[in-house]
Amino acid sequence: MKGVSRPFISTPSSRPKRMTWLTIVTIGLAVVVVVSVVVGLRSLQSPSTPPPPPPGESSDCPRSNGLCLERNVTRVIDGDTLDVEGGLRIRLVLVDAPESSETGGPQASNYLANLCLGSLALVDEDDFQIGDDPYGRVLAVVYCDGTNANAAMISSGHADTYYDFCAVSEFGTEAWTGCSSSPPPPPPPPPEETCDPSYPDVCIPPPPPDLNCADISHRNFVVLPPDPHNFDGDGDGIGCEG
(Lines give C-alpha, C1' and ligand atoms only; values in the text may rest on other atoms or scores of the structure.)
Protein backbone atom coordinates (compact mmCIF):
# COMPACT_ATOMS: atom_id res chain seq x y z
CA MET A 1 0.00 0.00 0.00
CA LYS A 2 1.15 3.45 -0.77
CA GLY A 3 2.05 5.72 2.17
CA VAL A 4 3.08 2.93 4.52
CA SER A 5 6.80 2.77 5.33
CA ARG A 6 8.53 -0.49 5.74
CA PRO A 7 10.65 -1.13 8.86
CA PHE A 8 14.40 -1.36 8.24
CA ILE A 9 15.63 -4.85 8.24
CA SER A 10 19.35 -5.29 8.50
CA THR A 11 20.91 -7.49 5.99
CA PRO A 12 23.78 -9.87 6.65
CA SER A 13 26.14 -7.70 4.61
CA SER A 14 25.58 -4.54 6.76
CA ARG A 15 26.41 -6.10 10.15
CA PRO A 16 30.06 -6.94 9.43
CA LYS A 17 30.62 -3.41 8.11
CA ARG A 18 29.40 -1.83 11.37
CA MET A 19 31.48 -4.23 13.43
CA THR A 20 34.58 -3.34 11.41
CA TRP A 21 34.32 0.38 12.16
CA LEU A 22 33.65 -0.28 15.85
CA THR A 23 36.73 -2.46 16.02
CA ILE A 24 38.91 0.19 14.38
CA VAL A 25 37.74 2.86 16.83
CA THR A 26 38.36 0.60 19.80
CA ILE A 27 41.88 -0.27 18.64
CA GLY A 28 42.65 3.41 18.03
CA LEU A 29 41.57 4.38 21.54
CA ALA A 30 43.69 1.59 22.99
CA VAL A 31 46.75 2.78 21.09
CA VAL A 32 46.26 6.35 22.36
CA VAL A 33 46.01 5.11 25.94
CA VAL A 34 49.17 2.99 25.62
CA VAL A 35 51.18 5.83 24.08
CA SER A 36 50.05 8.23 26.82
CA VAL A 37 51.11 5.79 29.52
CA VAL A 38 54.56 5.24 27.93
CA VAL A 39 55.18 8.98 27.55
CA GLY A 40 54.12 9.57 31.14
CA LEU A 41 56.52 6.90 32.45
CA ARG A 42 59.40 8.34 30.45
CA SER A 43 58.75 11.84 31.77
CA LEU A 44 58.86 10.50 35.34
CA GLN A 45 62.18 8.79 34.71
CA SER A 46 63.83 11.82 33.00
CA PRO A 47 65.96 13.99 35.34
CA SER A 48 64.97 17.61 35.81
CA THR A 49 68.60 18.79 35.67
CA PRO A 50 70.38 19.30 32.34
CA PRO A 51 72.83 16.63 31.23
CA PRO A 52 76.51 17.04 32.16
CA PRO A 53 78.82 18.76 29.65
CA PRO A 54 80.73 16.56 27.20
CA PRO A 55 84.00 15.09 28.50
CA GLY A 56 87.06 17.28 28.10
CA GLU A 57 85.35 20.64 28.61
CA SER A 58 86.91 22.74 31.41
CA SER A 59 87.23 26.32 32.57
CA ASP A 60 89.95 28.52 31.10
CA CYS A 61 91.06 29.23 34.69
CA PRO A 62 90.59 26.01 36.70
CA ARG A 63 89.50 26.50 40.30
CA SER A 64 89.59 30.26 39.80
CA ASN A 65 88.06 32.51 42.46
CA GLY A 66 89.58 35.70 41.10
CA LEU A 67 89.29 37.34 37.70
CA CYS A 68 89.33 35.09 34.68
CA LEU A 69 88.85 37.13 31.52
CA GLU A 70 90.10 37.72 28.00
CA ARG A 71 91.16 41.23 26.99
CA ASN A 72 93.39 42.79 24.36
CA VAL A 73 96.74 44.07 25.64
CA THR A 74 96.85 47.82 25.04
CA ARG A 75 100.16 48.82 26.65
CA VAL A 76 103.32 47.36 28.13
CA ILE A 77 104.67 49.35 31.09
CA ASP A 78 107.84 47.36 31.72
CA GLY A 79 109.02 43.75 31.85
CA ASP A 80 106.45 42.66 34.43
CA THR A 81 103.51 45.05 34.05
CA LEU A 82 100.99 45.64 31.26
CA ASP A 83 97.56 47.14 30.62
CA VAL A 84 94.53 45.46 29.07
CA GLU A 85 91.22 46.77 27.77
CA GLY A 86 88.90 48.07 30.43
CA GLY A 87 91.54 50.05 32.27
CA LEU A 88 93.03 47.06 34.09
CA ARG A 89 96.72 47.10 34.95
CA ILE A 90 98.19 43.62 35.37
CA ARG A 91 101.29 42.74 37.38
CA LEU A 92 102.81 39.44 36.23
CA VAL A 93 102.80 37.45 39.44
CA LEU A 94 106.09 35.90 40.64
CA VAL A 95 108.02 37.81 37.94
CA ASP A 96 110.69 40.33 38.91
CA ALA A 97 111.95 42.28 35.90
CA PRO A 98 114.32 45.28 36.07
CA GLU A 99 112.79 48.72 35.92
CA SER A 100 112.94 50.49 32.56
CA SER A 101 115.69 52.80 33.90
CA GLU A 102 117.83 49.89 35.14
CA THR A 103 120.25 47.67 33.25
CA GLY A 104 118.26 45.17 31.17
CA GLY A 105 115.02 47.08 31.71
CA PRO A 106 114.44 48.24 28.12
CA GLN A 107 115.22 44.75 26.79
CA ALA A 108 112.74 43.19 29.21
CA SER A 109 110.05 45.68 28.19
CA ASN A 110 110.65 45.04 24.50
CA TYR A 111 110.50 41.28 24.99
CA LEU A 112 107.15 41.48 26.78
CA ALA A 113 105.82 43.92 24.16
CA ASN A 114 106.76 41.58 21.31
CA LEU A 115 105.06 38.75 23.15
CA CYS A 116 101.84 40.45 24.24
CA LEU A 117 101.19 43.92 22.87
CA GLY A 118 98.05 43.92 20.70
CA SER A 119 97.31 40.26 21.38
CA LEU A 120 94.27 38.73 23.03
CA ALA A 121 95.33 37.81 26.56
CA LEU A 122 93.76 35.47 29.09
CA VAL A 123 94.16 36.92 32.58
CA ASP A 124 94.11 34.39 35.46
CA GLU A 125 94.22 36.28 38.75
CA ASP A 126 96.20 34.80 41.64
CA ASP A 127 93.47 33.46 43.97
CA PHE A 128 95.72 33.78 47.01
CA GLN A 129 96.59 37.45 46.41
CA ILE A 130 93.31 39.04 45.37
CA GLY A 131 93.47 42.75 46.13
CA ASP A 132 96.90 42.48 47.76
CA ASP A 133 98.81 44.78 45.41
CA PRO A 134 99.37 48.17 47.09
CA TYR A 135 99.17 49.93 43.71
CA GLY A 136 95.79 48.47 42.74
CA ARG A 137 97.15 46.19 40.02
CA VAL A 138 95.74 42.71 39.35
CA LEU A 139 98.32 40.05 40.29
CA ALA A 140 97.92 37.38 37.65
CA VAL A 141 99.32 34.95 35.13
CA VAL A 142 98.79 36.26 31.60
CA TYR A 143 98.53 34.02 28.53
CA CYS A 144 99.19 36.01 25.34
CA ASP A 145 97.79 34.10 22.37
CA GLY A 146 98.18 30.94 24.46
CA THR A 147 101.75 31.62 25.67
CA ASN A 148 102.37 31.95 29.41
CA ALA A 149 104.00 35.38 29.50
CA ASN A 150 105.10 34.99 33.14
CA ALA A 151 106.97 31.79 32.36
CA ALA A 152 108.43 33.25 29.16
CA MET A 153 109.89 36.27 30.96
CA ILE A 154 111.66 34.05 33.51
CA SER A 155 112.86 31.37 31.10
CA SER A 156 114.20 33.98 28.66
CA GLY A 157 116.40 35.50 31.34
CA HIS A 158 114.76 38.94 31.04
CA ALA A 159 113.30 38.55 34.53
CA ASP A 160 113.91 36.61 37.73
CA THR A 161 111.58 34.65 39.95
CA TYR A 162 110.11 36.87 42.65
CA TYR A 163 111.03 34.49 45.47
CA ASP A 164 109.57 36.68 48.21
CA PHE A 165 106.04 35.72 47.12
CA CYS A 166 106.47 32.03 46.29
CA ALA A 167 104.90 30.89 49.56
CA VAL A 168 101.81 33.10 49.23
CA SER A 169 100.98 32.58 45.55
CA GLU A 170 98.46 30.18 44.01
CA PHE A 171 101.06 29.39 41.36
CA GLY A 172 104.03 28.92 43.71
CA THR A 173 104.15 25.15 43.21
CA GLU A 174 104.15 25.26 39.40
CA ALA A 175 107.41 24.31 37.71
CA TRP A 176 107.67 27.40 35.48
CA THR A 177 107.96 29.70 38.50
CA GLY A 178 111.31 28.34 39.69
CA CYS A 179 110.06 28.63 43.28
CA SER A 180 111.14 25.07 44.05
CA SER A 181 114.74 26.06 43.33
CA SER A 182 114.64 29.06 45.61
CA PRO A 183 118.19 30.03 46.61
CA PRO A 184 119.16 29.35 50.24
CA PRO A 185 119.10 32.31 52.59
CA PRO A 186 122.38 34.20 52.83
CA PRO A 187 124.70 33.04 55.62
CA PRO A 188 124.62 35.08 58.81
CA PRO A 189 127.27 37.77 59.05
CA PRO A 190 130.42 36.78 60.93
CA PRO A 191 130.51 37.86 64.55
CA GLU A 192 132.08 41.20 65.12
CA GLU A 193 135.69 40.97 66.12
CA THR A 194 136.36 41.94 69.70
CA CYS A 195 138.51 45.05 69.86
CA ASP A 196 140.61 45.98 72.86
CA PRO A 197 139.70 49.48 74.16
CA SER A 198 143.37 50.31 74.66
CA TYR A 199 143.58 50.88 70.91
CA PRO A 200 140.53 53.08 70.04
CA ASP A 201 141.53 53.98 66.47
CA VAL A 202 142.12 50.42 65.27
CA CYS A 203 140.65 47.00 66.04
CA ILE A 204 143.15 44.79 67.79
CA PRO A 205 141.85 41.87 69.87
CA PRO A 206 142.94 41.53 73.45
CA PRO A 207 145.35 38.77 74.44
CA PRO A 208 145.78 35.90 74.32
CA PRO A 209 147.75 35.57 72.24
CA ASP A 210 150.17 38.35 72.98
CA LEU A 211 150.89 40.31 69.79
CA ASN A 212 153.89 42.30 68.66
CA CYS A 213 154.05 45.10 66.11
CA ALA A 214 155.34 42.59 63.57
CA ASP A 215 152.07 40.63 63.95
CA ILE A 216 149.81 43.52 62.89
CA SER A 217 149.62 45.93 59.96
CA HIS A 218 148.65 49.01 61.96
CA ARG A 219 151.22 51.75 62.60
CA ASN A 220 151.29 54.98 64.59
CA PHE A 221 147.96 54.45 66.35
CA VAL A 222 146.72 55.82 69.65
CA VAL A 223 147.48 53.67 72.67
CA LEU A 224 145.72 54.02 76.03
CA PRO A 225 146.57 52.29 79.28
CA PRO A 226 146.88 49.47 80.16
CA ASP A 227 148.24 48.56 76.65
CA PRO A 228 148.08 44.77 77.18
CA HIS A 229 150.20 44.06 74.08
CA ASN A 230 152.81 46.67 75.04
CA PHE A 231 152.69 48.31 71.62
CA ASP A 232 153.71 51.68 73.16
CA GLY A 233 157.13 50.76 74.45
CA ASP A 234 158.29 54.33 75.02
CA GLY A 235 155.06 55.46 76.70
CA ASP A 236 154.32 58.38 74.39
CA GLY A 237 150.76 57.22 73.60
CA ILE A 238 151.57 56.12 70.03
CA GLY A 239 151.85 52.43 69.21
CA CYS A 240 154.11 50.71 66.71
CA GLU A 241 155.83 53.85 65.56
CA GLY A 242 157.71 53.55 62.37
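The structure this text deals with has already been given above.
Residues numbered from 1 in each chain as written. Predicted model: local features only at pLDDT ≥ 70, side-chain atom pairs only at ≥ 80, totals over all residues. Heavy atoms only, no water.

Buried together is how nonpolar side chains tend to be arranged in soluble globular proteins. In terms of nonpolar packing, the biggest core is built from 32 residues, with Leu82, Ile90, Leu92, Leu112, Cys116 and Met153 touching the most fellow members. Of all the secondary structure elements, the ones that give two or more residues to this core are strand 1 (68–78), strand 2 (81–84), strand 3 (88–92), helix 2 (105–116), strand 5 (120–125), strand 6 (138–144) and helix 3 (149–155). With six residues, strand 6 is the largest single contributor of residues to this core. Residues in contact with Leu82, not counting those within four places in the same chain, are Val73, Arg75, Val76, Ile77, Leu88, Arg89, Ile90, Leu92, Leu112 and Cys116. (Core = buried A, V, L, I, M, F, W, Y, C linked by side-chain atoms within 4.5 Å. Buried < 20%, exposed > 50% of the residue type's maximum accessible area, 1.4 Å probe, protein only. Helix = DSSP H or I, 4+ residues; strand = E, 2+ residues; numbered from the N terminus. Contact = heavy atoms within 4.5 Å.)

Before going further, it helps to spend a moment on the state of the cysteines. As used here, a disulfide is simply a covalent bond connecting the sulfur atoms of two cysteines. For the structure on display, the rule yields five disulfides. Here Cys116 engages in a disulfide with Cys144; their sulfurs sit 2.0 Å apart. Every disulfide takes its handedness from the sign of the S-S torsion; for Cys116 and Cys144 that torsion is 100°, giving right-handed. One end of the pair, Cys116, is in helix 2; the other, Cys144, is in strand 6, and 28 residues separate them in sequence. (Disulfide = S-S within 2.5 Å.)

Another point: the side chain of Asn150. Within the element layout of this structure, Asn150 appears in helix 3. Overall, the relative accessible area of 0% leaves Asn150 in the buried class. Not counting the four nearest positions on each side in its chain, Asn150 is found in contact with Leu92, Val93, Val95, Ala140, Val141, Val142 and Trp176.

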